[in-house]
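# Structure at a glance
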There are 2 protein chains.
Amino acid sequence: MAVDGQEQRALQYEQTLMYGRYTQELGVYAREEAARLREDGRQRRSISERSPSLKLLEYEKGRCVKCRICAVHCQRFLMSRVGEDWIFLILLGLVMALVSFVMDFCIALLLQAQKWMYGGLDSNVVLQYLAWVTYPVVLISFSAGFTHIVAPQAAGSGIPEMKTILRGVVLKEYLTLKTFVAKVVGLTCALGSGLPLGKEGPFVHIASLCAALLCKFMSFFGGIYENESRNIEMLAAACAVGVGCCFAAPIGGVLFSIEVTSTFFAVRNYWRGFFAATFSAFIFRVLAVWNRDEETITALFKTRFRLDFPFDLQELPAFAVIGIASGFGGALFVYLNRLIVQFMRKQKTINKFLMKKRLLYPALVTLLISTLSFPPGFGQFMAGQLTQKETLVSFFDNRTWAKQGISEDFTFDTHLMAWKHPQANVFIILVIFIVMKFWMSALATTLPVPCGAFMPVFVIGAAFGRLVGESMAAWFPEGINTDGTIYPIVPGGYAVVGAAALSGAVTHTVSTAVIVFELTGQISHILPIMIAVILANAVAQSLQPSIYDSIIRIKKLPYLPELGWGHHEKYNIRVEDIMVRDVRYITLNSTYRDLQDILMIGNLKTVALVESADSMILLGSIERAQLQALLVQQVSRVRRQEVMRERAETERKRMSVASSPSSDDSSQKVNQEVRFQISTEESTFVPVRPISPKPLKPALKRTSVAEKNIEIPTSPHDSSMGLKNLLCARPQTDVMEEDDPDAEDDMTLGEIEEWEEQQLDEQVNFNSCKIDPAPFQLVERTSLHKTHTIFSLLGLDHAYVTSIGRLIGVVSLRELRKAIEGSMTVKGVKVRPPLASFRDSGTSGTSSESEATELHKLWDRHSSLSLPRDQQNHNTDNKTH
Amino acid sequence: MAVDGQEQRALQYEQTLMYGRYTQELGVYAREEAARLREDGRQRRSISERSPSLKLLEYEKGRCVKCRICAVHCQRFLMSRVGEDWIFLILLGLVMALVSFVMDFCIALLLQAQKWMYGGLDSNVVLQYLAWVTYPVVLISFSAGFTHIVAPQAAGSGIPEMKTILRGVVLKEYLTLKTFVAKVVGLTCALGSGLPLGKEGPFVHIASLCAALLCKFMSFFGGIYENESRNIEMLAAACAVGVGCCFAAPIGGVLFSIEVTSTFFAVRNYWRGFFAATFSAFIFRVLAVWNRDEETITALFKTRFRLDFPFDLQELPAFAVIGIASGFGGALFVYLNRLIVQFMRKQKTINKFLMKKRLLYPALVTLLISTLSFPPGFGQFMAGQLTQKETLVSFFDNRTWAKQGISEDFTFDTHLMAWKHPQANVFIILVIFIVMKFWMSALATTLPVPCGAFMPVFVIGAAFGRLVGESMAAWFPEGINTDGTIYPIVPGGYAVVGAAALSGAVTHTVSTAVIVFELTGQISHILPIMIAVILANAVAQSLQPSIYDSIIRIKKLPYLPELGWGHHEKYNIRVEDIMVRDVRYITLNSTYRDLQDILMIGNLKTVALVESADSMILLGSIERAQLQALLVQQVSRVRRQEVMRERAETERKRMSVASSPSSDDSSQKVNQEVRFQISTEESTFVPVRPISPKPLKPALKRTSVAEKNIEIPTSPHDSSMGLKNLLCARPQTDVMEEDDPDAEDDMTLGEIEEWEEQQLDEQVNFNSCKIDPAPFQLVERTSLHKTHTIFSLLGLDHAYVTSIGRLIGVVSLRELRKAIEGSMTVKGVKVRPPLASFRDSGTSGTSSESEATELHKLWDRHSSLSLPRDQQNHNTDNKTH
């Protein structure tokens, strides 16, 4: 990281405070990680080297050898079992259930403490207010501070990052122990403050962290845990566990995590999610039973709607209205959330001020929100004293508030009492609640603490549903059905529908419906819920991205946007319209200077290797780091010394065979022919001489290896010495090797530079370099739709565009993203992409006229290049026919 | 189809009777389909050519022109809307809901008719028996016969075929109108017979048929419906609709269809399934309400378990036992089903006999099953008089049978009465029911009628669950909980768990749990059900393939098996171990003879095109059909005539320029240089002469184009004529063209053969040929795991294995299947694949020693081949650096 300390911290702050941009370069990360891993590996090796001796010591100490052998066998058996998936998944589920339970317990304690303080001070309103407000401010400030100090990556939801990681992008700093600690502690404090924040998103992140740490821990036992693709699969299962043990909703958890994090889902990975999530949810609920909270395993927010006649068919329009309105509401929520972040970012004065006082922003926001929800104050109009959980329970209640509003039923239930107000009726209170919570939630989720947006939105949705339900109940007090039996309207059912619809609209998922079934333990409203959720999704998806995609864009995480609903123009845009034609490449006979130039120019992750600049046949791709290593190796001090030594020897040898008139071009053969090495007194001066006095030739006119070999003998030396030396041949290599290092150290800086310049003109030797021999290739006529599919299926970062083996372009995530977003802005209209005009005039233009590919070009190339070797190929060509 | 009528019918019979092998070749299909489509296109074009005139006629007839213009505008608007997905999905959902409702109605009628007959004849047991037995025999025979005559592909479940189709394999004959009719009629009759058959699988197929037909229908309006990848997505949605409207279970339908048909699932396609399935289930249930069957929309098999205390924690072991036992039961069912099919197939005498009397097998099986379930006979011990639906309703009943077995409660309910027997208690009856239904279902699902196995298995599972539940209720009559309140055990809950577990085990799916929730309308047993389903899956998946995969193997459909649970050895097998090294390829300078040889040898679908036999750089792949077209074109009569004509002209020209001494090698240039064409009296004899007298040279020593050009002038002709002809030049081409055709028709067969032999020795001209310039490539060190992923992700059929551009092998589905199945048989043991020994000695053996790829080879090749053009490349090489 080339960024200095303060700047870095400032960057991190921006990241935490307002979904900071994703600024660090991936390539840098990857290299650092690789270095760290190598270091780790070395340390581990040293540990394992130490352990045998330790074991031996133990053995010698031990008395019952049989016992030990048995133990070792058991250990081995366990080790072999440890590799199996289900053990890992059970461990993951267990740990997460415990984490979830303990965290819930702590949050409940924290909330109770606030209530207790508030209740104890009811004699003095000012003191009460101070206690009510200070408590969350302190908690949120602590949460923000702790998160910032320990691991700034822990702030926010975590689902966007998981989506990016599961796409195959390395964001390792998001999966460390520090982040885990920060997330767990920060989340507990944040939720304990009573602000409208959720735990679903952070739980997905926590579960993933857990899985990653467990993987690292387990890799001490077995080697399977170091497989990359397996870890990705485990992370996907962990996401399901996160949602599953947060809501005790295994099925909904699996589906939600798939919808939210994946683009393509491997069905064979399905059972992992189900297995782990079910186990986790089971343990989570069993813990509650053991803790005597519950009598048996039931749903978290159990409802008791009637089963025989859950709803009337004629109520369906009302449910549809809830769905459509929730769609608009969800889009508005995402928009509002983004607006707040962008506003804070754009106002440079505010931004600068907040950068300095990091905890001020969270404290101010918390102060505002808790002031407004102070129960004796404005909070009385929005049920300010209720926690999120109590609010939900009251919304899902069976009874009708509007009808029984003034009745005494309410007094039995303290939760329901909150909705009763002497001056305002229940509708006004609900409207105020919805409006206030709406912006409060949008604001609170921008805080730099670990928090999710799912639960607040869920509550708002339930409130909206309840509002509609109460209205319906007031409108049709006897129920709608006129066939005889009176089935009164159940506003609680509307609340469930609204909750599912709004949370579905904000997250762009359908599986909120399943989560709702599992949360309430009732599935009787399945059709209204499904209809509302689908309508809400349809509306929201056409207006705004999902909250997670919105955060991804704000944070500028490397991600590929989804193709929208039925964008048929995607089938008409082709890769040739969006690809970058100016591909950086190296050829088999590139020099180190070309290599240097390429490395200097851009921040490419890989460079294409082609056969030659005119054939352009793609042979593979080489990673940037590999090329750097090659370059460094070529001009390194060690090599310089070696080359100098060799050259000195060559020089000496040449002097010895100088009598032969054709020595100029046989200099390479000398190495093999001369068996006796001869040194003279001049040998110490030899290294300096062969360097030609004109090293600064332009890079574009590089010399081939053959030329260079010819160059060396041009240096002046006494050819008459040769025969004399040959006659008095003595092996003096040992003396020489001692002399040489001194000679090189004597090289001046200028000489070194000259030498390096010369080295750069040499042809690259790729032998020691790791080449990816089959980088992903596309054809220029591949449609954007297919390209998107392939990129997201295989998690590609870039792909080369080839035409019958020839490299003609490259497409990276960026181009693809631009193309998709570019054509997405104008909806319904077929957008001609910016580069489409090239299709008619570009290099590959001819191919679009006919389906037959440009084989004639290949033919031309082939006939011009391979004719000289036609004769020799005839026999081999026919060998296999 | 080269198979003659009878044999073909016999094949089809085998296909229908016992999951016949998939014999027809795909290539043949593809070509036939292409031809048919072309034909269709021509017809459609001719229709559209006709229509303008028709429109004009109408216009002239019409009086209110404005009206018409408005109508046209409306029509256009509708057309543009028709392309949108949601219209298609709504139509699909609507149609399928109607189909499902009408079919259910008909099935209910048919079942009622049987009951009515049986009830009306209760005076005479023999007559009663005859009526009871004849009715299903007639129905099943009709179903089998109808299916066989109209569309034999309609027999069976259809899910295996859909799985294959969704993988990208073309099985077009499974998606025709005929198949649709056969499936709907056949299924109605089969289910109306009362045999233990299901409708889920066939409904998946029917929905897909519906979608395919709708696509065809809609393609008359818009062009989008001809997009291949879109249709695949629509088919996936259709599968969800099929399950969804069969059980009124939209969520379970989507999940089940994903699990059963997909390997990788595009999440962006998710909403399509949910949308269509929800709409379909909604309409399906609304139809029931409108038909006054139900008061409002509720679940199909509504249960009324208590909500407050659904089950005790201590009951969980019993649920786990149900899960594990169901796992074994499910595996046994799949095994039994396969055993029956294989037994019938192996017994050649039975096979032959049944081939002749096609309807005998179904009739005999039906006779056996209905005889055994005859209520006054053995049927009294297995509730023979109940239909599947009634059986399920009684299993899901709230009341305990064992306790209340002798009480009068039973008499109120006729369904429950069936389980009461004066001699046998309820446990014995349940055991008999389970055992009998088990083999009956396994047998019935082998019948050549449209039928599924899901529902029978579901019923058996429910019976088993009920058995366990009743046992528990008898064991703990007061409930397990000892804390005070008595919560009696609910055996109906056990039945639900058992049903989900056994159907999950047979189909290898987890989503049966969701289907069960939606079917019963209660989700309170979520944790027991999830645990049982997961355990059942774990057991069944480690013993047997799923019923659908089993059928795929029996039918030998082209499919890729799944990787099992945690088979880590997959990471250690590499492509180089399984690939075929002897790749058939053609080079840029192959002759037509090579092409012929390749086409003769095997039934490859595509052939690799490499640069040359020693460079082996892969340039692309060409389809077999394309190559055939090239070959046919080369030796076609038309071309023969053309060539003859040209040659005659050349001959004449040569004679005219024969005076020049270097005419031997400038024969090609002549064409461009000579502008005046000359004919002599000898021109008619020319065509015969140039053919060299030694045409049967071995194919391996083919001549290049250059050589051939030199060959022609060796024919004897008077060179002295040249100058004279040139002097008296007259254009006589018109005369010549009239002469030539006659001349060629005069060619003897021998001459034609000779000419063809010569043609085959020419170099192939690929200009008119469509080349896939980027066939999928793998590297030799790609793991089997990754290869499997890529193959199933992209629906590949084969992939070339390349090493830095060089083609070194090919992997097709078959090799992959073998490798996976080969290493799957020995479980837990790391199998060294058959070709692994080659890794050490094979051609690519060196590369496995070091991670660096065999670049040195490339280097050798490069230096030996490209040195001659090094000088000319220097400038171009550096151009872009």
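The rules behind each value
Residues numbered from 1 in each chain as written. Chains lettered and ligands numbered in written order. Predicted model: local features only at pLDDT ≥ 70, side-chain atom pairs only at ≥ 80, totals over all residues. Heavy atoms only, no water. Phe/Tyr/Trp six-rings, centres within 6.5 Å; stacked < 30°, edge-to-face > 60°. Helix = DSSP H or I, 4+ residues; strand = E, 2+ residues; numbered from the N terminus. Buried < 20%, exposed > 50% of the residue type's maximum accessible area, 1.4 Å probe, protein only. Lys NZ or Arg CZ within 6 Å of the ring centre and 35° of its normal. Contact = heavy atoms within 4.5 Å. Axes fitted to C-alpha atoms, helices over the stretch in contact; angles between N-to-C directions. Parallel < 35°, antiparallel > 145°, perpendicular 65-115°, else oblique. Left-handed = near helix turned anticlockwise from the far one by under 90°. Nonpolar A, V, L, I, M, F, W, Y, C, P; charged D, E, K, R; others polar. Pairing = 2+ DSSP bridges. Salt bridge = Lys/Arg side-chain N within 4 Å of Asp/Glu carboxyl O. Core = buried A, V, L, I, M, F, W, Y, C linked by side-chain atoms within 4.5 Å. Patch = residues over 30% accessible without salt bridge, like charges linked within 9 Å, V, L, I, M, F, W, Y side chains within 5 Å. Areas by Shrake-Rupley, 256 points an atom, 1.4 Å probe, with all protein chains shown as cover.

Further remarks concern the packing of aromatic side chains. Tallied over the full model, the rule gives 34 aromatic pairs over all chains. An angle of 75° between the planes, with centres 4.9 Å apart, marks the rings of Tyr270(A) and Phe274(A) as edge-to-face. With Tyr270(A) and Phe274(A) both in helix H11 (residues 270–290) and four residues apart, this pair spans about one turn of that helix. Each member of the pair, Tyr270(A) as well as Phe274(A), carries the same accessibility label: buried. Centroid distance Phe378(B) to Phe381(B): 5.9 Å. Interplanar angle 50°. Geometry classified as tilted. Here Phe378(B) falls in the partly exposed class, since its relative accessible area comes to 34%. On the accessibility criterion, Phe381(B) (24% relative accessible area) is partly exposed. Aromatic rings pair up to connect Phe247(A), Phe256(A), Phe396(A), Phe454(A) and Phe458(A) into one cluster. When the ring centre of Phe203(A) is taken as reference, the NZ or CZ atom of Lys199(A) above it lies at 4.7 Å.

Another aspect to go through is the environment of Met96(A). Residue and element names in this part refer to chain A. Here Met 96 is to be found in helix H4 (residues 85–120). Classification of Met 96 as buried rests on a relative accessible area of 0%. Residues Met 96 and Val 241 lie 145 residues apart in sequence; the distance between their C-alpha atoms is 7.5 Å. Among all residues touching Met 96, those that are not within four sequence positions of it are Phe 203, Ile 206, Ala 207, Cys 210, Val 241, Cys 245 and Ser 280.

Moving on, we come to the packing of helix H14 (residues 360–372) of chain A against helix H18 (residues 426–444) of chain A. All names here are of chain A. With their axes 11 Å apart at the nearest point, H14 and H18 run at an angle of 165° to one another. Comparing the axis directions of H14 and H18 gives the class roughly antiparallel. Considering only the axes of H14 and H18, their crossing is left-handed. Between H14 and H18, the contacting residues are Tyr 361, Val 365, Leu 368, Ile 369 and Leu 372 on the first element and Met 436, Trp 439, Met 440, Leu 443 and Ala 444 on the second. Split into classes, the residues belonging to the contact of H14 with H18 amount to 10 nonpolar, no polar and no charged.

Residue and element names in this part refer to chain B. Across the sheet, four strands lie side by side as S2-S3-S4-S5; this open sheet has mixed pairing. Whereas interior strands pair on both sides, the edge strands pair on one side only; in this sheet they are strand S2 (585–587) and strand S5 (771–772). Across two bridges, the pairing between strand S4 (residues 618–623) and S5 is antiparallel. Following the sheet pairing, Ile 622 is matched in S5 by Ile 771.

All names here are of chain B. One pass over the structure, following the stated rule, counts 12 salt bridges over all chains. We note a salt bridge from Glu 233 to Arg 272, for which the minimum N-O separation is 3.1 Å. Of this pair, Glu 233 sits in helix H9 (residues 228–247) while Arg 272 sits in helix H11 (residues 270–290), and the two are 39 residues apart along the sequence.

By size, the foremost hydrophobic cluster in this structure holds 330 residues, and its most contacted members are Phe395(A), Phe396(A), Trp419(A), Phe395(B), Phe396(B) and Trp419(B). Those residues in contact with Trp419(A) that lie beyond four places of it in its chain are Ala383(A), Leu386(A), Thr391(A), Ser394(A), Phe395(A), Trp401(A), Val426(A), Ile429(A), Leu430(A) and Phe433(A).

Moving on, we come to the packing of helix H6 (residues 159–166) of chain A against helix H23 (residues 547–555) of chain A. All names here are of chain A. Interaxial distance between H6 and H23 falls to 8 Å at its minimum, and their mutual angle equals 80°. Relative to H23, H6 is oriented roughly perpendicular. Facing H6, whose interface residues are Ile 159, Pro 160, Glu 161, Lys 163 and Thr 164, H23 presents Tyr 548, Asp 549, Ile 551, Ile 552 and Lys 555.

Before going further, it helps to spend a moment on the sheet that holds strand S7 (residues 798–803) of chain B. All names here are of chain B. Across the sheet, three strands lie side by side as S6-S7-S8; this open sheet has mixed pairing. One side of each edge strand has no neighbouring strand; the edge strands of this open sheet are strand S6 (777–778) and strand S8 (806–812). Here S7 runs beside S8; their pairing, made up of six bridges, is antiparallel. In the strand pairing of S8, Val 801 is matched with Gly 809.

Moving on: the environment of Glu642(B). Mapped onto the secondary structure, Glu642(B) falls in helix H28 (residues 637–657). Separated by 338 residues in sequence, Glu642(B) and Arg304(B) have C-alpha atoms that sit 85 Å apart.

The next subject is the side chain of Gln544(B). Within the secondary structure, Gln544(B) sits in the loop between helix H23 (526–543) and helix H24 (547–555). Gln544(B) gets classed as buried once you look at its relative accessible area, which sits at 15%.

All names here are of chain B. By the secondary structure assignment, Leu 502 is in helix H21 (residues 491–507). Assessed through its relative accessible area of 8%, Leu 502 is described here as buried. C-alpha of Leu 502 to C-alpha of Phe 464: the two residues are 38 residues apart in sequence and 8.9 Å apart in space. Apart from the residues lying within four places of it in its own chain, the contact partners of Leu 502 are Ser 326, Gly 329, Gly 330, Val 457, Ile 460 and Gly 461.

Turning to a nonpolar patch on the surface, a few remarks are in order. Residues and elements named next belong to chain A. Among the surface-exposed residues, Val 126, Leu 127 and Leu 130 lie close enough to one another that they form a single nonpolar patch of about 270 Å² accessible area. With respect to the secondary-structure elements, Leu 127 resides in helix H5 (residues 125–150). The exposure class assigned to Leu 127 is partly exposed, which follows from its relative accessible area of 43%.

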